[in-house]
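Structural features, examined
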Amino acid sequence: MTANLEVRDGVGTILLDRPPMNALDVATQDRLRELAEEATRRDDVRAVVLYGGEKVFAAGADIKEMQAMDHAAMVVRSKALQDSFTAVARVPKPVVAAVTGYALGGGCELALCADFRIAGDNAKLGQPEILLGLIPGAGGTQRLARLIGPSRAKDLIFTGRHVRAEEALAIGLVDRVVPAAEVYEQAHAWAAVLAKGPALALRAAKESIDAGLETDIDTGLTIERNWFAGLFATEDRERGMRSFVEEGPGKAKFL
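Notes on the structure in this doc start here.

Take the pairing of strand S3 (residues 47-51) next. Most of S3 is tucked away: 5 of the 5 residues are buried. Here S3 shows a buried face lined by Ala-47, Val-49 and Tyr-51 and a second buried face lined by Val-48 and Leu-50. Handedness of the crossover joining strand S2 (residues 11-16) and S3 through helix H1 (residues 26-41): right-handed. When S3 meets strand S4 (residues 95-99), the two strands line up parallel, connected through 4 bridges. Along S4, the bridge assignment pairs Val-48 with Val-95.

Read across the sheet, 6 strands follow the order S1-S2-S3-S4-S6-S9 without closing on themselves; strand pairing throughout is mixed. Each edge of the open sheet carries a strand with a single partner, namely strand S1 (3-8) and strand S9 (176-178). Strand-to-strand twist of the sheet, defined as the mean angle between neighbouring strand axes without regard to direction, takes the value 20 degrees. Strand direction decides the pairing type here: S1 and S2, joined by 6 bridges, are antiparallel. Bridging from a neighbouring strand, Glu-6 pairs with Thr-13 of S2. On the sheet, H1 packs against S1, S2 and S3 and is oriented at approximately 25 degrees with respect to S1.

In terms of nonpolar packing, the biggest core is built from 45 residues, with Leu-50, Phe-57, Leu-125 and Leu-173 touching the most fellow members. For this core, the element with the highest residue contribution is helix H3 (residues 71-89), accounting for 5 residues. Once residues lying within four places of it in the same chain are set aside, the contact partners of Leu-50 are Ile-14, Phe-57, Val-88, Val-95, Val-96, Ala-97, Ala-98, Leu-110 and Ala-114. Val-11, Val-96, Ile-118 and Ala-191 belong to the second largest nonpolar core, which has 15 residues in total.

Moving on, we come to the packing of aromatic side chains. Under the counting rule described, the total for this entry stands at 3 aromatic pairs. Look at Phe-116 and Trp-190: their rings are 5.8 Å apart centre to centre, the planes differ by 80 degrees, and that puts the pair in the edge-to-face class. Note that Phe-116 is positioned in strand S6 (residues 116-120) and Trp-190 in helix H8 (residues 183-195), a separation of 74 residues in sequence. Judged by its relative accessible area of 29%, Phe-116 falls in the partly exposed class. A relative accessible area of 29% places Trp-190 in the partly exposed class. A cation over a ring is seen here: Arg-176 above Trp-190, with NZ or CZ 5.9 Å from the ring centre.

With that settled, consider the sheet that holds strand S8 (residues 162-164). If you trace the 3 strands from one edge of the open sheet to the other, you get S5-S7-S8, paired in mixed fashion. Because the sheet does not close on itself, it has two edges, and the strands there are strand S5 (102-104) and S8. On average, each strand axis in the sheet is tilted by 20 degrees relative to the strand beside it, whichever way the strands run.

What follows covers unusual backbone geometry. A cis amide bond links Pro-19 to the next residue, Pro-20, at an omega of 5 degrees. Of note in the backbone geometry, Asp-9 takes a positive phi value of approximately 55 degrees without being a glycine. Its location among the elements puts Asp-9 in the loop between S1 and S2. On the accessibility criterion, Asp-9 (57% relative accessible area) is exposed.

The rules behind the values
Residues numbered from 1 in each chain as written. Predicted model: local features only at pLDDT ≥ 70, side-chain atom pairs only at ≥ 80, totals over all residues. Heavy atoms only, no water. Buried < 20%, exposed > 50% of the residue type's maximum accessible area, 1.4 Å probe, protein only. Helix = DSSP H or I, 4+ residues; strand = E, 2+ residues; numbered from the N terminus. Right-handed = clockwise from strand over helix to strand, strands pointing away. Pairing = 2+ DSSP bridges. Axes fitted to C-alpha atoms, helices over the stretch in contact; angles between N-to-C directions. Contact = heavy atoms within 4.5 Å. Core = buried A, V, L, I, M, F, W, Y, C linked by side-chain atoms within 4.5 Å. Phe/Tyr/Trp six-rings, centres within 6.5 Å; stacked < 30°, edge-to-face > 60°. Lys NZ or Arg CZ within 6 Å of the ring centre and 35° of its normal.

The structure is reproduced here in structure tokens:
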């Protein structure tokens, strides 16, 4: 098994397990899609952590495997590759990437699929595909530019250079830098807090933000308005407002 899903305290950890560098071969890509779909379906999973282990997040695609593919093979495979990563990005629950060591190429693209990225102080991130005569193919040209802006994305993609954790934090590629030994526990703790929130409202917030970024402001406001009104039909909304009136803010407990 190249990856698995472990659940604790409402948090499902998608753990990459392909030593030594978690190279993202075809089997691992397909497994990621399966686990993302499983995490989406399971009611006991209310938030997700992406984790590669203590030493490395994912050092990129399996280059030897890709070298054997010709144009015709990659025309077929590239859609499945993107679909696997998109399945992670579209998990309708909070997703936190816990990044240790290398997150390069496909590894960086996988981290980009998360809502938050917590990096160890030993992390190195980058899109080095240009050094192979390629460009990122699992969403890097799109998600990276949306996250850090087109100029910074072009810097990383055109040069293929790696950025250390502090620079990644400065340019917005990661959201927090912590000691490497604490990456997973901090990511899990943050996800566990989110897992206690109102599931439908969190889903609405994520889908409103993500879908709104892909459209014009008026359409985005319509998406927001529809979700906002729809949440008035939920038990979580009743519970949250009742708790606010009776007990004060921030004390509601959601099922």
